[in-house]
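Chain and residue survey
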Amino acid sequence: MPGLLRGVARTAVVAGTATAVSNRVSRRQAGRWAQQDDGQQQQYQQQAPAPEPAQAPAGDDMSAKIEQLKQLGDLKTQGVLTDEEFETQKRRILGS
């Protein structure tokens, strides 16, 4: 009987260890995939052309310009526009 218990105990230890190792490998691989996906997403955002904000109306409608500047600021905050692109578009909207 002690041999049988020893065999059952050994099997339980081996199975538990295998499960723990498998779970750790799975978590590590999922982390690597997540990092890889983040990197690809950043590359895609860098390669995608920046959307052009809508043209300012012909008149001096200040509220429309303010709205465009807000949208431009949101795009910069999201990381779609670089500082240089933001400044260029801001100058274009303000006409200076």
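Below, the structure is looked at part by part.

Each value, and the rule that gives it
- Residues numbered from 1 in each chain as written.
- Predicted model: local features only at pLDDT ≥ 70, side-chain atom pairs only at ≥ 80, totals over all residues.
- Heavy atoms only, no water.
- Helix = DSSP H or I, 4+ residues; strand = E, 2+ residues; numbered from the N terminus.
- Expected span 1.5 Å × (residues − 1).
- Buried < 20%, exposed > 50% of the residue type's maximum accessible area, 1.4 Å probe, protein only.
- Arc of directions from axis to C-beta.
- Contact = heavy atoms within 4.5 Å.
- Axes fitted to C-alpha atoms, helices over the stretch in contact; angles between N-to-C directions.
- Parallel < 35°, antiparallel > 145°, perpendicular 65-115°, else oblique.
- Nonpolar A, V, L, I, M, F, W, Y, C, P; charged D, E, K, R; others polar.
- Phe/Tyr/Trp six-rings, centres within 6.5 Å; stacked < 30°, edge-to-face > 60°.
- Lys NZ or Arg CZ within 6 Å of the ring centre and 35° of its normal.
- Patch = residues over 30% accessible without salt bridge, like charges linked within 9 Å, V, L, I, M, F, W, Y side chains within 5 Å.
- Areas by Shrake-Rupley, 256 points an atom, 1.4 Å probe, with all protein chains shown as cover.
- Salt bridge = Lys/Arg side-chain N within 4 Å of Asp/Glu carboxyl O.
- Lys, Arg positive; Asp, Glu negative; His and termini not counted.
- Charge placed at Lys NZ, Arg CZ, Asp CG, Glu CD.

1. Observations concerning helix α2 (residues 62-78)
The terminal C-alpha atoms of α2 lie 24 Å apart, and with 17 residues this matches the ideal 24 Å at 1.5 Å per residue to within 8%. Those residues of α2 lying buried are K65, Q68, L72 and L75. All buried residues of α2 lie within an arc of 80° about the axis, which places them on one face of the element. What points out from α2, more than 90 degrees from its buried face, is the exposed set M62, K70, T77 and Q78. Where α2 is buried, its residues meet α3 (83-94).

2. Concerning the packing of α2 against α3
In a pair of packed helices, the angle between the axes and the distance between the axes together describe the arrangement. Relative to each other, α2 and α3 sit at 175°, their axes nearing to 10 Å. Judged by the angle between their axes, α2 and α3 are roughly antiparallel. Contact residues: α2 offers K65, Q68, L69, L72, G73 and K76, while α3 offers D83, F86, Q89, K90, I93 and L94. Taken together, the residues of the contact of α2 with α3 sort by class into five nonpolar, three polar and four charged.

3. Here's the deal with the packing of aromatic side chains
Evaluated as defined, the whole model comprises zero aromatic pairs. Its end group placed over the ring of F86, K76 keeps NZ or CZ at 4.8 Å from the ring centre.

4. A closer look at a positive patch on the surface
Among the surface-exposed residues, R24, R27, R28 and R32 lie close enough to one another that they form a single positively charged patch. For R32, the location among the structural elements is in helix α1 (residues 2-47). R32 gets classed as partly exposed once you look at its relative accessible area, which sits at 48%.

These results come straight from atomic positions and should not be treated as a statement about function.
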